[in-house]
Amino acid sequence: MRIRTTRVIGAVGSLALASTLVACGSESDTAGPLSNAADASDAKHPEWSKYTFTIGDNGGDGSQALAKLTGVFDNAPYKVRFARFTYGPPLVQAAASGDIDLGSVGDVPPITGAAKEYGFKIVAVNRSLTPDQALENIIVPKGSKLKTAADLKGKRIAVPQGSSAHGLALNALKSVGLTPKDAKLVFLDPAAGATAFNTGKVDAWAIWNPQSAIAVKNGARILVKGLPPIDQTSSYYVASDKSLKDKTKRAALTDVLKRLSREFAWAVKHPDQYARALSQEQGIPPADAKASLAAYSNRVTPVEQSDIELEQKLADAFLEAGQITKKVDVESITDNLLPAGYDSSKLKVTS
């Protein structure tokens, strides 16, 4: 499937571009289990051959490695490439500017993006297959005297600004009657947050897996779990308005999303291969990758009214807390790509 691999060096905000995968046709030496992944209802669509879609890979979610392993884009009538982002906000910004066509982020980046009038839409939902397991947490160092969220008053909390972990920190404080003014939110990207946490420059860190799980393995302790009602366990696919507004390109992008959902459905049923893909992309030991699989095991569905309501509640909370300065109407930035009833967990995937 991989025709060529190029190394791109550069940055857009906090964007970190990974190896670029360009997939098309039958160049693969060995057919992958999903090399004939097109839906039976889809025609060949020769008019799609002019497109190259850029997929935003949020923090090494395994999508690029899985695409190569499964061959899910082998017979696609278009090409795809992947761009690596360190976390959600710059991915949303890239979608808004048309630098990427599609990508998955947490619950907060679409809100902070919309507050800045970025041109993107929420097009699908990643629903956790393990909703009773937190995908992110607020953690404290070994030996910390903090016991509850209330103890965060006056403390320094490392937070990736505009990320889902930002929402977790905000809601955790709110749950005990505190506001961001009662604690010190130190806005750091994940790498800088890890350094601050490990060197004692902050008292707590709001962060997702695998970073949270690895820190706990090394002695950190979970102070607040990222579970309802404090936190969502779903994430969201966003797409560029530039791709959505063109009828032909939109149809092709829908096929891209279906193929991505199919590769992840396959990965959920093959956890060892999934862990290896995550290990490869994130540069972490396979054991750590396997321990964090719950954070990446999802089913892809259309956006439902209940999702819009949850996002709207979160957007209103951000506005109330002064974390954004413009009211966000979540329904106006929602545009489903998938047909009603679509659920990737129900797809039949080859062993």
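Residues numbered from 1 in each chain as written. Predicted model: local features only at pLDDT ≥ 70, side-chain atom pairs only at ≥ 80, totals over all residues. Heavy atoms only, no water.

Engineer: Is there a simple way to think about the environment of Pro-141 in this case?
Structural biologist: Structurally, Pro-141 is set in the loop between strand 7 (136–140) and strand 8 (156–159). Taking the C-alpha atoms as reference points, Pro-141 and Ala-220, separated by 79 residues in sequence, lie 4.5 Å from one another. For Pro-141, the contacting residues outside a window of four places in its chain are Phe-197, Asp-203 and Ala-220. (Helix = DSSP H or I, 4+ residues; strand = E, 2+ residues; numbered from the N terminus. Contact = heavy atoms within 4.5 Å.)

Engineer: Would you take a moment to explain the packing of aromatic side chains for this structure?
Structural biologist: Here the distance between the centres and the angle between the planes together describe a pair of aromatic rings. Taken as a whole and assessed by the stated rule, the structure comprises 6 aromatic pairs. The interplanar angle of 45° and the centroid separation of 5.6 Å between the aromatic rings of Tyr-51 and Phe-53 together place this pair among those described as tilted. No difference in accessibility class separates Tyr-51 from Phe-53, as the two residues are buried. Ring centres of Phe-197 and Trp-205 lie 5.6 Å apart, and the angle between their planes is 35°; this geometry places the pair in the tilted category. Trp-205 carries the same exposure label as Phe-197, and that label is buried. Linked through ring pairs, Trp-48, Tyr-51, Phe-53, Phe-73 and Tyr-78 together constitute an aromatic cluster. (Phe/Tyr/Trp six-rings, centres within 6.5 Å; stacked < 30°, edge-to-face > 60°. Buried < 20%, exposed > 50% of the residue type's maximum accessible area, 1.4 Å probe, protein only.)

Engineer: Can you walk me through unusual backbone geometry in this structure?
Structural biologist: Peptide bonds are trans in most cases, and residues, glycine excluded, mostly fall at negative phi. A cis amide bond links Asn-209 with the next residue in sequence, Pro-210, at an omega value of 10°. As for its position among the elements, Pro-210 is in the loop between strand 10 (204–208) and helix 6 (211–217).

Engineer: Whenever I open this one, helix 1 (residues 63–70) confuses me. Can you help?
Structural biologist: Note that an α-helix has 3.6 residues per turn; residues three or four places apart therefore point the same way. Extensive coverage of helix 1 is indicated by the burial of 6 of its 8 residues. Those residues of helix 1 that fall on the buried side of the exposure criterion are Ser-63, Gln-64, Ala-65, Leu-66, Ala-67 and Thr-70. The first or second residue beyond helix 1 is Gly-71, which carries a positive phi of 70°.

Geometric values such as these leave the question of function open.
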